[in-house]
Every structure is written in structure tokens, then in C-alpha cells.
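# Reading the structure
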Amino acid sequence: MTFRVTVLGAGSVGIFVGGKLAAAGADVTFVGRPRLLDEIRASGLRLTDLDGGDDRVAPTGFHVDTEPDSVATADLVLVTVKSAQTADIAKLLVGRVRPGTVVLSLQNGIGNDTVLRESVPSCVVLAGMVMCNVVHHDGGRFHRGTEGGLAVADDPALEKFAPLFRRAGLALDRHGDLRPVQWAKLLLNLNNAINALSGQPLRAELAQRDYRRCFALAQTEALAVMRRARIRPARLTVLPPALMVRLLTTPDAVFSRLAGKVLAVDPVARSSMADDLELGRKTEIGWLSGEIVNLGRMVGVPTPVNARLVELITAAEGGDPRRFSGAELLAQLRAAKEGADRHR
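This report concerns the structure included in the present document. (Residues numbered from 1 in each chain as written. Predicted model: local features only at pLDDT ≥ 70, side-chain atom pairs only at ≥ 80, totals over all residues. Heavy atoms only, no water.)

### A word on helix α1 (residues 12–23)
With 12 residues, α1 should reach 16 Å at 1.5 Å per residue; the first-to-last C-alpha distance of 16 Å fits that figure. Burial runs high along α1: 9 of the 12 residues are buried. Within α1 the residues assigned to the buried category are Gly14, Ile15, Phe16, Val17, Gly18, Gly19, Lys20, Leu21 and Ala22. Once α1 finishes, Gly25 follows within two positions and takes phi at roughly 110°, a positive value. (Helix = DSSP H or I, 4+ residues; strand = E, 2+ residues; numbered from the N terminus. Expected span 1.5 Å × (residues − 1). Buried < 20%, exposed > 50% of the residue type's maximum accessible area, 1.4 Å probe, protein only.)

See below:
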């Protein structure tokens, strides 16, 4: 059986996941902006990874569209848009998608699946996360630049798609409760703002202690909020989250020796937030550091570090071209924390 798959949000992640499914035999339609669709229509797809994988899909091996009409016949819909666009995508699905269709939200942040489910309650709407970084190179090449696969909320409706994902090299890591994984991924994604403000590739940024200290401050604050809210994030790294925070602050030589996998990143890979700023697009800061700020307000825990990151990224979205050295950004975050401590 050939499954029909529609990818709503044909950015780097959506094209990589959908392209791998197309290479495995699915009938895939990408729905997104003309900028990338025109490129892959002309060049086809090349899907590579840091483990040596290299799949190619000719332009005739998939479909592209700027409208989501293909969801009407899709067996599986993958939602890979930014969190800010979820409500708009949900509206577009109403009246188009068939009851019983599996709609898989492969997005950052918490609660996107709820937004989708409220609009299409007759569908099987499931939360999911892409646990790796994808780098877009010219000529239709999309490269998985870090380790990681797909984590999804388990449901019997996924069973028929499991062989397809396995053939694609994207075996589904299925969880009875995905929320601890989502919160753990959010902890890791707090680095997205730091990376964007650094103006450096991920590997170069994470190799510098002052940037990692910034990351540790953001995570420490987030963990305090989660403890108050009785949220226990899953363990996604070599150490539990609290110990990983301590490791981030160690000298560069120690960190490199003990957390080598963290630095096993494509040399040009950047956070998606850095890409958004370069392209003049709104970022997901409200669903990352902003999620911590909002939860902190709810449970009465101050979040000055993440609030300052939201402010700096918002300024960058508005055209502020500043990029910060590790020492400069660390000074910004420490000042915000100290100011909040003085007013407590």
C-alpha cells in the first residue's frame, strides 16, 4: 500500500522528514512557501546525515503546492509549521481533512496538538517532536546535522505507518505520555535564542564556556519553574537535566571530554531561530523562553533570564542587528537576574 502524506510547513524539518518518507515509497505532497518549493521542484531532494546517509528523490518523486488541498485525500498529515502558525493551519484543515485521518504535530513547544485537535476533533491528532537539527544547503540538500529521530505520542493509529517510518530511517520513538519529552526538548531549545544572538554556528557557540553559562542560567531558571509546577522533564542527554546544567559551566576542555556528543554537530548548523532572524521572520521565542516566563507567572517563580532572552530576540526581530559575544550576553543575563533578586 502506498500512503499519501501531506507535509504542512515545507521548511527544512518538514522537507527532510517528508523527503525521507518519499524516498521510502510514500506519495508525498509538500505545502509551503514558494521559496523552497521552487528550489526542490527544480533540483529534487538530496537527504544526508552525519552518519553517512545519502538519499535522493527526483522532482518527479513528490508533489508541491502552496495550498493544502491534498489533505482531503491524505492518509497522514504532518504539521511542521512554526508554533505561531498552528492556529492558522488548524483553520485550514477544517472542512478539508477526512475524519479519522492521522494528523501528527512535529513542532517545538507545548500544546500545538491541542490547538489542532480543537479544530479537527474527528481526526487522530497526536503530538510529536523532531529531535534533531536539519541544515538546508543550496540545490535541494537537507542535512541532519545532529543525532536524534522522531518522538511521538503513542496511539494504535500509528501502527500501520510504523513500517514506512522504519524504511525511511525515521523509526518512531513512541511514548504513552509525551509531555515529559516535550518539556525536556524545550529545555534543550532554550539554547536557540543564545545561538541566534551569538551569530555563530551551534558547534562554535557550544564550544565556548560563556555561551554555555548563558544556557545554564536559562535552564536553571526553567528547572526551578518546572519543579514548582511539578513537571518532571525526561532525560534526553548523557546526564539528568540538573547535572547537565552543571556540566555546561565546566571549562571548555572538560566539557569537550565529557560531553563530546553535544559537539557532534554539522559545522555550519545553526538553530532554526538564527535562520528565522536571517530571513526576517518571526521566531518561536514565545513558545520557548516565553513558555518558561508564562509558566513562571502562573506558579509564582521569577524568570528574569528567560524574560531578557525574549526581549533581546524580540528586538532582533524588530531589526536590531546586534550579535553578542559570550561575555556580553552573559553580562546581560546576569544583570537581569541580579536586578530581579534586588527587587524580591
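### Some details on the packing of helix α3 (residues 86–93) against helix α4 (residues 112–119)
Running from N to C, α3 and α4 point in directions that differ by 25°, and their axes come no closer than 9 Å. Considered as vectors, α3 and α4 are oriented roughly parallel to each other. Note on packing geometry: the crossing formed by α3 with α4 is right-handed. Residue-level contacts link Thr86, Ala87, Ile89, Ala90, Lys91 and Leu93 of α3 to Asn112, Val115, Leu116 and Ser119 of α4. Its residues assigned to classes, the contact of α3 with α4 shows 6 nonpolar, 3 polar and 1 charged. (Axes fitted to C-alpha atoms, helices over the stretch in contact; angles between N-to-C directions. Parallel < 35°, antiparallel > 145°, perpendicular 65-115°, else oblique. Left-handed = near helix turned anticlockwise from the far one by under 90°. Contact = heavy atoms within 4.5 Å. Nonpolar A, V, L, I, M, F, W, Y, C, P; charged D, E, K, R; others polar.)

### Considerations on the nonpolar core
In this structure, Trp183, Leu190, Ile292 and Ile313 are the most contacted members of the largest nonpolar core, which totals 43 residues. Sorting the residues of this core by element identifies α6 (179–189), α7 (191–198), α9 (209–228), α10 (241–248), α12 (272–278), α13 (289–299), α14 (304–317) and α15 (326–342) as the ones contributing at least two each. With 9 residues, α9 is the largest single contributor of residues to this core. When neighbours within four sequence positions are excluded, Trp183 is seen to be in contact with Ile110, Met226, Ile231, Pro233, Glu291, Ile292 and Leu295. Counting residues in hydrophobic clusters, the runner-up holds 39 residues, among them Phe16, Phe30, Leu45 and Leu47. (Core = buried A, V, L, I, M, F, W, Y, C linked by side-chain atoms within 4.5 Å.)

### Quick notes on α9
Here α9 spans 28 Å end to end across 20 residues, near enough to the 28 Å set by a 1.5 Å rise per residue. Here α9 has its buried residues at Tyr211, Arg212, Cys214, Phe215, Ala216, Ala218, Gln219, Glu221, Ala222, Leu223, Val225 and Met226. The positive-phi residue at the C-terminal boundary of α9 is Arg230, with phi of around 60°.

### Here we look at the pairing of strand β6 (residues 76–79)
The two faces of β6 match: Leu76 and Leu78 on one face and Val77 and Val79 on the other face are all buried. As paired strands, strand β1 (residues 4–8) and β6 are joined by 4 bridges and run parallel to one another. Paired with Thr6 across the two strands is Val77, which belongs to β6. Where β6 meets strand β7 (residues 102–106), 4 bridges bridge the pair, whose relative direction is parallel. Within β7, the residue paired with Val79 across the bridge is Ser105. (Pairing = 2+ DSSP bridges.)

### Looking at the layout of surface pockets
Taken as a whole, the second largest pocket spans an internal volume of roughly 220 Å³. Taken together, 14 residues form the lining of the second largest pocket, with Glu221, Pro302, Pro304, Lys337 and Arg344 sitting closest to its centre. Take the lining of the second largest pocket: its biggest share by element is 5 residues, from α9. Here the residues of the lining of the second largest pocket sort into 7 nonpolar, 2 polar and 5 charged. (1 Å grid on protein atoms, 1.4 Å probe; cavity = no way out; pocket = protein on both sides within 12 Å on 5 of 7 lines; lining within 4 Å. Points joined across faces, edges and corners; volume = space filled by probe spheres on them.)

### Topic: the sheet that holds strand β3 (residues 45–49)
Read from one edge of the open sheet, 4 strands run β4-β3-β10-β9, paired in mixed fashion. The open sheet is flanked by β4 (54–57) and β9 (134–137), the only strands paired with a single partner. Put simply, the sheet's adjacent strands are angled 20° from each other on average, direction ignored. Pairing geometry for β3 and strand β10 (residues 141–144), over 4 bridges, is parallel. Counterpart to Asp49 in the pairing with β10 is Arg144. Most of the contacts of α1 go to β3, to which it runs at about 100°, and overall it touches β3, β4, β9 and β10. Of the strands in this sheet, β3, β9 and β10 touch helix α2 (residues 34–43), which is tilted by about 70° from β9.

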